[in-house]
Amino acid sequence: QVQLVESGGGLVQAGGSLRLSCAASGRTFSNYNMGWFRQAPGKEREFVATISWRGDSTSYRDSVKGRFTISRDNAKNTVYLQMNSLKPEDTAVYYCAADELYRGSYFASYDYWGQGTQVTVSS
């Protein structure tokens, strides 16, 4: 089992920045590929970014490329999502996810999930 706890969400004005953190405990964090997903009210959960277990491969949804950066610190068992130039359409609950084998964009393929952290971007 892997336990994931997100933090760092909040209310920010458009154009502002936030850094989300996801702290992992349980099994060996460095064995897991990690992902960030988000879900807005009335919408499906969607892929935001992923990072490989070693941290040498990342991927992003098109709408966040150039604005968001995913990173990880395996010594601290933590994955981050730096979000810059935030837009109102980025408003959602953000979730981190972990999986030993999968590192794609399909949320249902991830085994472990955090409880989420709310990000609200005002215009």
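For the structure, check the block above.
Residues numbered from 1 in each chain as written. Predicted model: local features only at pLDDT ≥ 70, side-chain atom pairs only at ≥ 80, totals over all residues. Heavy atoms only, no water.

**What about the pattern of salt bridges?**
Argument step 1. Considering all chains together, one arrives at six salt bridges under this definition.
Argument step 2. A salt bridge links Arg61 to Glu46, with the nearest nitrogen and oxygen atoms 3.6 Å apart. Note that Arg61 is positioned in the loop between strand S6 (58-60) and strand S7 (68-73) and Glu46 in strand S5 (residues 46-51), a separation of 15 residues in sequence.
Argument step 3. The partly exposed category is assigned to Glu46, whose relative accessible area is 26%.
Argument step 4. Where Arg67 meets Asp90, a salt bridge forms, and the shortest distance between an N and an O atom there is 2.8 Å. One end of the pair, Arg67, is in the loop between S6 and S7; the other, Asp90, is in the loop between strand S8 (78-83) and strand S9 (92-99), and 23 residues separate them in sequence.
Argument step 5. Exposure remark for Arg67: the relative accessible area of 10% places this residue in the buried category.
Argument step 6. On the basis of relative accessible area, Asp90 is assigned to the buried category, the value being 1%.
Argument step 7. Salt bridges sharing partners connect three or more residues here, namely Arg38, Glu46, Arg61, Arg67 and Asp90. (Salt bridge = Lys/Arg side-chain N within 4 Å of Asp/Glu carboxyl O. Helix = DSSP H or I, 4+ residues; strand = E, 2+ residues; numbered from the N terminus. Buried < 20%, exposed > 50% of the residue type's maximum accessible area, 1.4 Å probe, protein only.)

**Points about the side chain of Ser21**
Argument step 1. Tracing the backbone through its elements, the reader meets Ser21 in strand S3 (residues 18-26).
Argument step 2. Taking relative accessible area as the criterion, Ser21 reaches 17% and is therefore assigned buried.
Argument step 3. Leaving out residues up to four positions away in the same chain, Ser21 has contacts with Val5, Glu6, Ser7, Trp36, Thr78, Val79 and Tyr80. (Contact = heavy atoms within 4.5 Å.)

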